[in-house]
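# Notes for the structure review
Now for the letters of each chain:
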Amino acid sequence: MKKIIIAIDGHSSCGKSTMAKALAQRVGYIYVDTGAMYRAVTLFALQHGLFDKQGRPLEAKLEALMPQVSVSFKLNPETNLPQTYLNGQCVESEIRGMEVSSHVSPIAALPFVRQAMTRQQQLMGRQKGIVMDGRDIGTVVFPEAELKIFVTASAQVRAQRRYDELKAKGQEASFDEILKNVKERDYIDSHREVAPLRQAPDALLLDNSNLTIEEQNQWLIQQFEAHTQDGPEN
Ligand code: DC
C-alpha cells in the first residue's frame, strides 16, 4: 500500500491530536504534533524571560537565541506515544499548562519561529507515512499532502474538553478562563499575517462537536482507506 502524508488542521482543543495519534498508531505511521513544537519554543521564551509585562514576546532577543532552541520527539517506551523534548529535557507536561497556553499564540505568529519549525516539519515528512497535526500543515507545510482534514467544534465544547483534560491531570483550571483563551487563540491563529489558520480548498471538513471519539476514528479510517487504495486514479 502506498504511503501518504496526512495533514490534520483545525481550531485549538478540537481533538486533532487525539484523532491524529489514534490514526497513526492504527496504520503504523509517525505522528507529529506541531503545536507541541510552538509550545516548546514558548516555554523556552518563558524560561529566558523573553516576554514584556504585557505578555508580548521580545522578538529580537528570541530571534538571536533561536539557534539554541532544539525541539524533538522521543517515544515513551511505556505508552508508545511521542513526548516533546526541549534541548534534551522532556517538557511534555509543562507545555500543556495554562502559562504556556496563554503565551503561545504570539510566539506562533513570529515569522522566524514559523520558518524554523516549518523547515523541521518538512524534513520529518520526507519519507511520507506521517500524520501531522497543526494549523498550516495542509496549506503551507505540505500543500501537496494526499489527505487533508480540517477539524472544528464549537468553542464551548472545546473549552469543556480542555477543562476536563486539565482537571484529570490534577491541574488547577477555570472554565471561563479556558473559554476566553480558546476564543482568543482562534482569533489570533486565524488573523495572523503568516500562515493563518484556514481550511485548504481540498481539505475535508469535520465538525466533531457531536461525535464520539469512536465515530470520529471510524470516519477517519474510512478516509485513510479511500486515499491509500492503489487504483488507476492514484
Ligand atoms: O494545537 P495546540 O493548541 O497545541 O497549538 C498551540 C499553538 O500553536 C496555537 O496557538 C496555534 C499554534 N500552532 C500554529 O500556529 N501552527 C501549527 N502548525 C500548530 C500550532
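Just above, that's the structure.
What you see as residue numbers is a count from 1 along each chain, following the sequence as written. The predicted nature of this model means local features are confined to residues of pLDDT at least 70 and side-chain atom pairs, given and counted, to a pLDDT of 80 or more, with totals for whole chains, interfaces and linings taken over all residues. Hydrogen atoms and water are omitted, and side-chain values are computed over all heavy atoms in the structure.

So, on to the packing of aromatic side chains. The rule is short: rings of Phe, Tyr and Trp, with Trp giving its six-membered ring, pair when the centres are within 6.5 Å, and they are stacked under 30 degrees, edge-to-face over 60, tilted in between. Tallying each qualifying case throughout the model produces two aromatic pairs. Between Y29 and F224 the ring centres are 5.6 Å apart and the planes differ by 80°, which places this aromatic pair in the edge-to-face class. Highlighted residues: Y29 in the loop between α1 (16–27) and β2 (30–33) and F224 in helix α10 (residues 213–228), separated in sequence by 195 residues. Only protein chains enter the area calculation, which uses a 1.4 Å probe; residues under 20% of their type maximum are buried, those over 50% are exposed, and those in between are partly exposed. Taking the relative accessible area as the measure of exposure, Y29 reaches 10% and is therefore buried. Between the aromatic rings of Y163 and F175, the centroid separation amounts to 6.2 Å while the plane-to-plane angle is 80°, which identifies the pairing as edge-to-face. Residue Y163 is found in helix α8 (residues 155–168), and its partner F175 is found in helix α9 (residues 175–191); the two are separated by twelve residues along the sequence. Per the convention used, a helix needs a DSSP run of H or I reaching at least four residues, while a strand needs a run of E reaching at least two, with both numbered from the N terminus.

This next bit is on the packing of α1 against α10. Helix packing for two helices is described by the angle between their axes and how far apart those axes are. Inter-axis angles, ranging from 0 to 180 degrees, are taken between N-to-C directions of lines fitted to C-alpha atoms, where helices are fitted over the stretch in contact. Between α1 and α10, the least distance of the axes is 10 Å, while the angle of their chain directions is 55°. Considering the angle they form, α1 stands oblique to α10. In the packing of α1 onto α10, the handedness of the crossing is right-handed. Within the contact between the two elements, α1 uses T18, M19, A22, L23, R26 and V27 and α10 uses I213, Q216, N217, L220, I221 and F224. Residue type decides the class: Asp, Glu, Lys and Arg count as charged, Ala, Val, Leu, Ile, Met, Phe, Trp, Tyr, Cys and Pro as nonpolar, and the leftover types, Gly among them, as polar. When grouped by side-chain class, the residues that make up the contact of α1 with α10 number eight nonpolar, three polar and one charged. Roughly parallel means an angle under 35 degrees; roughly antiparallel means over 145; roughly perpendicular covers 65 to 115; every other angle is labelled oblique. In this scheme, a crossing is called left-handed if the near helix is turned counterclockwise away from the far one by less than a right angle; it is called right-handed if the turn is clockwise. Note on contacts: a residue pair qualifies if any of its non-hydrogen atoms lie within 4.5 Å across the two residues.

We call a residue near a molecule or strand as soon as one heavy atom of that residue lies within 4 Å of the molecule or strand. The local shell around the ligand holds 15 residues, among which R39, R114, R135, D136 and R192 are the closest. Measuring from a nitrogen atom of the ligand, one finds a side-chain N or O atom of T34 at 3.0 Å. The definition of a polar contact used here is a pair of N or O atoms within 3.5 Å, where within protein one atom must be able to donate a hydrogen and the other to accept one, and adjacent residues in sequence count solely through side-chain atom pairs. Between an oxygen atom of the ligand and a side-chain N or O atom of D189, the distance comes to 3.3 Å. Contact with the protein chains removes 97% of the 450 Å² of surface that the ligand exposes when unbound. For the shell around the ligand, the secondary-structure elements that each account for two or more residues are α2 (34–47), α5 (104–108) and α9. The dominant element in the shell around the ligand, judged by the number of residues it contributes, is α2, at four residues. Of the residues contributing to the shell around the ligand, the split by class is four nonpolar, four polar and seven charged. Note on areas: Shrake-Rupley with a 1.4 Å probe; residue coverage comes only from the protein chains shown.

Where charged atoms from two side chains of opposite charge come close, those side chains can pair. Throughout this description, the term salt bridge denotes a Lys or Arg side-chain nitrogen within 4 Å of a carboxyl oxygen of Asp or Glu. For the structure shown, the criterion picks out ten salt bridges. Its salt-bridge partner being E146, residue K128 comes within 2.4 Å of it at the nearest N-O pair. In this pair, K128 sits in the loop between α6 (111–124) and β6 (130–134) while E146 sits in the loop between α7 (137–141) and β7 (147–152), placing the two residues 18 residues apart along the sequence. One continuous salt-bridge network, built from bridges that share partners, spans D33, E92 and R96.

What follows deals with the nonpolar core. As used here, the term nonpolar core means buried Ala, Val, Leu, Ile, Met, Phe, Trp, Tyr and Cys residues forming a set that is joined through side-chain atoms within 4.5 Å. Counting residues in each nonpolar core, the largest one holds 34 residues, and the members touching the most others are V41, L62, M66, I107 and V113. Residue contributions to this core peak at eight residues, all from α2. Excluding residues within four positions of it along the chain, V113 makes contact with Y38, V41, L62, M66 and I107. In this structure, V131, L147, L206 and F224 belong to the second largest nonpolar core, which totals 19 residues.

To continue, consider the packing of α2 against α6. Two elements in contact, α2 and α6, have axes whose closest approach is 11 Å; the angle formed by their N-to-C orientations is 140°. With respect to their mutual orientation, α2 and α6 come out oblique. Considering the relative orientation of α2 and α6, their crossing is right-handed. For the pair α2 and α6, contact is made by T34, M37, Y38 and V41 and by V113, R114, M117, T118, Q120, Q121 and M124, respectively. Its residues assigned to classes, the contact of α2 with α6 shows six nonpolar, four polar and one charged.

All right, on to the sheet that holds strand β3 (residues 71–75) then. Any two strands between which DSSP finds at least two bridges are classified as paired. Strand order in the open sheet made by the three strands is β3-β4-β5, with antiparallel pairing throughout. Whereas interior strands pair on both sides, the edge strands pair on one side only; in this sheet they are β3 and β5 (89–90). As defined by bridge partners, β3 adjoins strand β4 (residues 82–86) across five bridges and the pair is classed as antiparallel. Directly across from S72, in β4, lies its bridge partner Y85. Where α2 meets the sheet, it contacts β3 and β4, and its direction lies at approximately 30° from that of β4.

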